[in-house]
Amino acid sequence: VPTADRRASASRPTPAPNVHRRPRRSGSSIPFRASAEAAASSATSEEESPEADAMPSRAPGDDRPSPQGYYRWPALHGDVLVFVCEDDLWRCDVRGGVAARITDAPGPVLAPLVSRDGTRVAFTVQQDACQEIYAVSTRGGPVTQVTHAGAERTRAACWSADGTRLFFASSAGQSFVDTEELWCVDVAGGDGDGDGTSRRERIVEPRRCAFGPVHDACVRPSGGDSSGGDSIGIGAPLLVARNSQDTAAAHWKGYRGGCGGSLWLDPRGDGRRFVRLDVRLEGAAMDGGRNGRNGRNGGVNIGSVAWAVDDRITLVGDDGGGRSNLYSFDAADAVARASSVVAGGDAPDGGGGDAPVVSVVATRHTARSDHCIRHASPDAAAAPNAKSVNVAYVSGGRLFTSVLGGGDTGWGPVVGTEVRVEWSGSRAGRERRAVDAEDYVDGWSIHPEGLTMLANVRGRMFSMGLWDGPALEYAPVSEHDPNVEVAGSIPPELAPPGAAQLRDLVTTHGAQPRCRLGRYLWDGRRVAMVTDASGEDDIEIHSEDGDFRKRRLCVPPAVLGRVDEMVPSPESPLIAVVNHRARLLIVDAETGKVRTADFSDESGGVGDLAWSPCGNWLAYTRYDDPERSRVRILDARSGEVRDATAPVLGDCAPSWDPGGGFLYFLSARELEPMYDSGRFGLSFHGIHRPHAIALRADVPNPLLRELRPPHDSESSSGGSDYDESESDSDDDDDYETDDTDADAPEPVEIDFDGISERIVALPMPAGRYAHLTALDDGKFMVIRYPARRAGRVGLDAPYYDSDASDSDDDDEGGGGGGGALLRFDVRQLKTSVLIDDGVRSVELSMDRRSMLVENRDDYGCVELRAYKAGAKPDDEDSDGEEVDDTDPNRRSGLIDIDGRIDVVIDPAAEWAQMLGEAWRRLRDEWWHPGMRFGDDSGGCDWPGTLSRYAKVLPRVSTRHELADMMRDMVAELRSSHVSVYTGDAGEHRRRRAHSPGHLGANFAWDPSVCGYVVTKIVEGDVWDEHTGGALRKPGVNVAVGDALTHVNRVRLSAEVGPSVALVGKGGAEVLLTFTAGDGPRRPLGASMEFGAGGALAQRIAAVSLADSDESGKGKNGGKGKNGVKGKNGKAKTFAPPPPPPPPNKKGLAKPADAARKPGARFDVRVRAMHSELDARYRDMIRDRTKRVDILGKGKVGYLRLPDMERTGYSEFWRHFPREVRKGALVVDLRGNLGGHISELLLAKLAQRPLAWDVPRRGSPTVYPSHASGSVVALVDENTGSDAELAAEAFRRLGLGRVVGARTWGGLLTTSDSFKLVDGSEVSMPQQAVAMPPAGGVDSGNPEIANGIENRGVVPDVEVASAPHDYADDADPQLDAAVREALALLAANPPARFDDSRTTDEDEARAAAAERAHVGPGGSRWPFKTYAPYPEDGDEDEEEVPERFPERERRKKLPKGAKGKR
């Protein structure tokens, strides 16, 4: 049903790439069926509808709605075709015709699934960072929310054969990231309303199926003969698919790694035995060893798996050729052979053996070559015994159908038919709208005299007074503007690849040019800026004097490249430019002439441009190699370049002394290591400090102060006055710049002979500095950033530490919060603090009288302030009133960007520009100039790719659709590490605070108690507020078997479960009502009462006994966590005996357990968790560590690395020192998506014992510390990137063996991402990884190549984990790794020190003396902890109250009462 519009802008990138929000308009929910004539005329064959004719191009300024949309996710039932467009659900006749909107969802809609009876459609809605499933009638009507778990990923998988249950894959309740599991929910349809719609569905709380990782699932349409025999009651053959995401864009086209999709068939539908289906795509070449026995189909990628009819299963497959097409295979034959295997007992034994395999060959039906087939969906109305089925799918944003089976071809090749939809969407996402300017400030620059400033906002350039005056926009050059001058044209033969296609985006699709790097020229009357109005970067010159003259310099793009830095000369029309190829260019702003002055072979190897005040010299930083940089000086008069420094470690950030005596710069020359506080190690927290170069031999040493008389105001008493809290009150108000206004400054003279020997380190401590800026009178400013703040680590760290920084390239302090702005006086050798903290950058005007400061306030918002150069901002005004920092004015310095600049965007024009810029950046920064695929097996026709997707662009109506199209395009590069993340998703109607709460427990509905029985309690780190289970906190005496009946006094029912009641409660306190069960309860000591000390006893008991009540493992008689079985095969848990309760004397509280008998009701107050991920992860680590310890008999340790970043490093040192002592070590890399720290961990794991430190007392310690023995690496298909490199290194370094499944196959390196105009981010691989062959470069095969990209690491021992292993709590991969570790340990036992020392004589002597001191019959423990004060004796009565007040008070207490100490 339509809902009211509530619009709000979303201005920052969302955590997940699929999170998009936009304005929505209500559409028609009236049922529609096209006439036969209209339908017949709208259906054309695939070959008769070329893509160029399917969509007319959009001319500039043409705002007319497009007749077609960008269609995705079709779902077919008979004549009704449901699909997603404009981020909502639509329906039309399968033969075409007018489409009608059937939903008005609160967020973008994904993956609809129509029920077998055609009455309902389930679909996913993206809400904030969560996905939830909703259901609605196919005719429209009220929408019912099915799930409330707040999972990051949720997707409807299939309906049961009778349509009463919905199976869905969700990441809810998982113990690790990027893991989805199959769930089941009962969905009972509502009664009809008589108008074709239905009332809301009746939903029961979902239940977990316990099949392990699942992305797709489908049941045989006809059902089965059995009743299922399990808790979810499938009762029909079940097919589950892992890693079966969109084959066109989930990884990349032509993907052949280990994560390409695998199918598992349960022929009986009881969930107890699954058989793996080895799917071979018809016509696909064998992978030449890529196919392993790891539970997936080697060399192919499959997705969109569906059981179409009883005899046929359809799927979308990519055979490695880069185009996904439609396939199907014989389901009846697969079920028959799988049943035979299961009946023959050829099933896995749980001891690590591989799962049985049935091979099937999938027949190819389509042969698309322009775009991949995506989101295939068979007709849900097809009869189970039908011999043909209609399948709907999309390709290039267009809808198609194909009938498989029947006719002369049978299950052979078919011709697709495009569904011609008469779509009438509002296209509200393309409407012009206003955005907040302060959210999209990309850059700024101050006027040479500080009068105005330039602000680059959302790709547009504005100039405005600092506090007054209007904001004026500079429109980019247009060839049709009469005031435009074009310096010349670019010959086509000199244009870079794709120039014509980029130009077409501007002329045909109306791309709005993006303006960047606005800078005032030396005269203050002209502005230079970089635009892509021609399709490539170019420099434009705009007049500031009111005649609106502007010109494009037409610098050849092959020379100019993409401009990364641009600095105009202070005395001439010359502009220094650094491009993406690290070329230093000098451009004449008047003639457009350009010359290359210098270059570096390193990426980003030239920067920090600084013109001398006279304009004759240009100083800059140049990198000789990735780690060493030097300062160079260019003579702008002759083009000669000379070195100014000879670096030790690195020199950077030069700045000229206006007096002409010095060149200041930052240098790393001395290292000051600090000891690590956690583990033995040293690190460098800051290596730079300011230095000065004397430009001439006669310049005096700045460390020797000039002799001055007492009356000189700048005299100093001597000594270093450095103090970071120093306000420098003597100089702040007196600091003035030179007011003389000469026509031209004195030329700076430089004596290059021995210049690198005239370097002086200034007296400032080593640290993290940046933005060194010279001032007049021998002063300079510099920003000192604090040491990096570590911040919390964890899988859920963003939930509870939004300021933590995981970035290793953050040069602006920990968490990007900025640093302190310092001023250093070279003549007085004194440091003053101008601004205490929060400063991110500072820019000085050309006359050095004004400065523009970028800082971050207490709330993390970036703001700009303008001050007098080198002066400390005033805290009080002239009247003594405190300056209001939030009021934009001259006194506070704050500049109001948002209130003075109005930005109205044209989304469609922006999208065309973003498509071109993303394409251009990939062309310019791709790891190979020939656009080779990641595995170097071929190359991409990148210009042709842009042409093909530019034709799809006019169909796009929302930012979500644009991101989908761009992900589809970049996947054409067939490489890993290419990602597109959404920025400004537009406006949206409704956005509720969808912050679900969690209790850290599993529940199951029990109608006998009318509540949800606790089946498992998550413990986590009980001491931590965020990562400890909510039901394991002090004062919460809840046990397994208790039933939750109320949440905040709201009665729970089968339809209203805990997940529903906790929506919006994340981080909030809730009151829970339980009915006590008959299970064992943790002893918590005295109850929480004021004054009796019970709270303290309870806290101590809760923390110390947190491990005493861990439930056993195994649903079918598995072992408990201590490895012991009880009666009837059930797990038996041993816990230490509870401490004796305190004597129940008067004044002590009663034990809490006394009131919690079975059936008793009790309330507990807890704080709901934002997420359970970290807590469940911690429990998983404890379980696996105990499992390995039992199987390895105490000789094998377990170490899990969740990633190769800060969290992984933290986990390594949390567990490694303890686990490595056992002997061998299993390093679990499953699910590790990579990072960059593998070399640090490998260096430690490669160490072997060489010696031992043997103390007189205590245990011997090995040298090197924590040296390890044999190591086994455990991997799976989700092990990626740096973790794959680590696994391969394990094997090549001889550290041990690799066990598990073939890995992801993505080993390229991405160093940075770039932002598009709306805040979107695109990342790409900028470096390849070359590895010598396993035998080394002298093995007869000297070729060095990447053998992991698009292939993965093939383990030495391949083991698959079947779905039934998860139901049985089995882990055959881990068990196999332990067996390998024991074998390695037996073959090569580690060296150990024999610590069989004799008894210490000192200890023996002390024990004998203590026995003699106690004497025969003496008490073992004679001490008392409470004693009365001694009697007064001879003390003077008058002195007692003063000297012993407590004794006097006790005398006045009633008999039997006790005092309080």
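First, a word on what this report is: a plain description of the structure on this page. Every value quoted in this text rests on a predicted model; they were computed, and no experiment measured them.

Cut-off values and rules
- Residues numbered from 1 in each chain as written.
- Predicted model: local features only at pLDDT ≥ 70, side-chain atom pairs only at ≥ 80, totals over all residues.
- Heavy atoms only, no water.
- Helix = DSSP H or I, 4+ residues; strand = E, 2+ residues; numbered from the N terminus.
- Buried < 20%, exposed > 50% of the residue type's maximum accessible area, 1.4 Å probe, protein only.
- Core = buried A, V, L, I, M, F, W, Y, C linked by side-chain atoms within 4.5 Å.
- Contact = heavy atoms within 4.5 Å.
- Phe/Tyr/Trp six-rings, centres within 6.5 Å; stacked < 30°, edge-to-face > 60°.
- Lys NZ or Arg CZ within 6 Å of the ring centre and 35° of its normal.
- Pairing = 2+ DSSP bridges.
- Axes fitted to C-alpha atoms, helices over the stretch in contact; angles between N-to-C directions.

## Concerning unusual backbone geometry
Backbone phi values are negative for most residues with the exception of glycine, while trans is the configuration of most peptide bonds. In this chain, Tyr1263 is followed by Pro1264 through a cis amide linkage whose omega measures -10°. If you trace the backbone, Pro1264 turns up in the loop between strand E72 (1261-1263) and strand E73 (1271-1275). With a phi angle near 55°, Cys1010 is a residue other than glycine that sits in the positive phi range. Located in the positive-phi region is Lys1193, a residue other than glycine, with phi close to 55°. Looking at the element boundaries, Lys1193 is found in the loop between helix H13 (1173-1191) and strand E69 (1196-1200). Under the relative-accessibility criterion, Lys1193 is labelled exposed at 70%.

## As for the nonpolar core
Ranked by internal contacts, the top residues of the largest apolar core, which has 44 residues, are Leu182, Leu239, Leu263, Leu277, Val279, Leu315 and Phe329. A total of 6 residues in this core trace back to one element, the largest contributor, which is helix H3 (residues 331-343). In contact with Leu315, other than residues within four places in its own chain, are Leu263, Val279, Leu281, Ile302, Gly303, Ser304, Val305, Asn325, Leu326, Tyr327 and Phe329. With 38 residues, the next largest nonpolar core counts Leu915, Cys940, Val980 and Leu1316 among its residues.

## Topic: the packing of aromatic side chains
For the coordinates displayed, the defined rule picks out 20 aromatic pairs. Aromatic side chains Trp919 and Trp942 sit 5.9 Å apart centroid to centroid with 5° between the ring planes, which places their arrangement in the stacked category. Here Trp919 is found in helix H8 (residues 907-925), whereas its partner Trp942 is found in helix H9 (residues 942-950), with 23 residues between them in sequence. Side by side, Trp919 and Trp942 carry an identical accessibility label, which is buried. With a centroid separation of 4.9 Å and an interplanar angle of 55°, the aromatic rings of Trp1005 and Tyr1012 are classed as tilted. By relative accessible area, which is 31% here, Trp1005 ends up partly exposed. Three or more aromatic residues link up through ring pairs in this structure, and these residues are Phe662, Tyr664, Phe780 and Phe824. Here Arg637 stacks its cationic end above the ring of Trp617, 4.9 Å away from the centre of that ring.

## A word on the pairing of strand E25 (residues 374-378)
Here E25 lies mainly inside the structure; 5 of its 5 residues are buried. The pairing of E25 with strand E26 (residues 388-395) spans 3 bridges and is classified as antiparallel. Note that in E26 the partner of Arg374 across the bridge is Val394.

## As for the sheet that holds strand E43 (residues 594-599)
What holds strands together in a sheet is hydrogen bonding between their backbones, with the strands either parallel or antiparallel. Strand order in the open sheet formed by 4 strands is E40-E41-E42-E43, and the pairing between neighbours is antiparallel. The open sheet is flanked by strand E40 (563-568) and E43, the only strands paired with a single partner. Going across the sheet, the axis of each strand differs from the next one's by a mean of 25°, ignoring polarity. Note that strand E42 (residues 583-588) and E43 share 5 bridges and pair antiparallel.

## Examining the sheet that holds strand E74 (residues 1296-1300)
Strand order in the open sheet formed by 5 strands is E69-E70-E73-E74-E77, and the pairing between neighbours is parallel. Each of the sheet's edge strands pairs with one partner strand only, and the pair in question is E69 and strand E77 (1357-1358). One ladder, built from 5 bridges, connects E69 with strand E70 (residues 1224-1228); its direction is parallel. The partner of Leu1199 across the bridge, within E70, is Val1227. Its contacts with the sheet put H13 on E69 and E70, and the angle it makes with E69 is roughly 160°.

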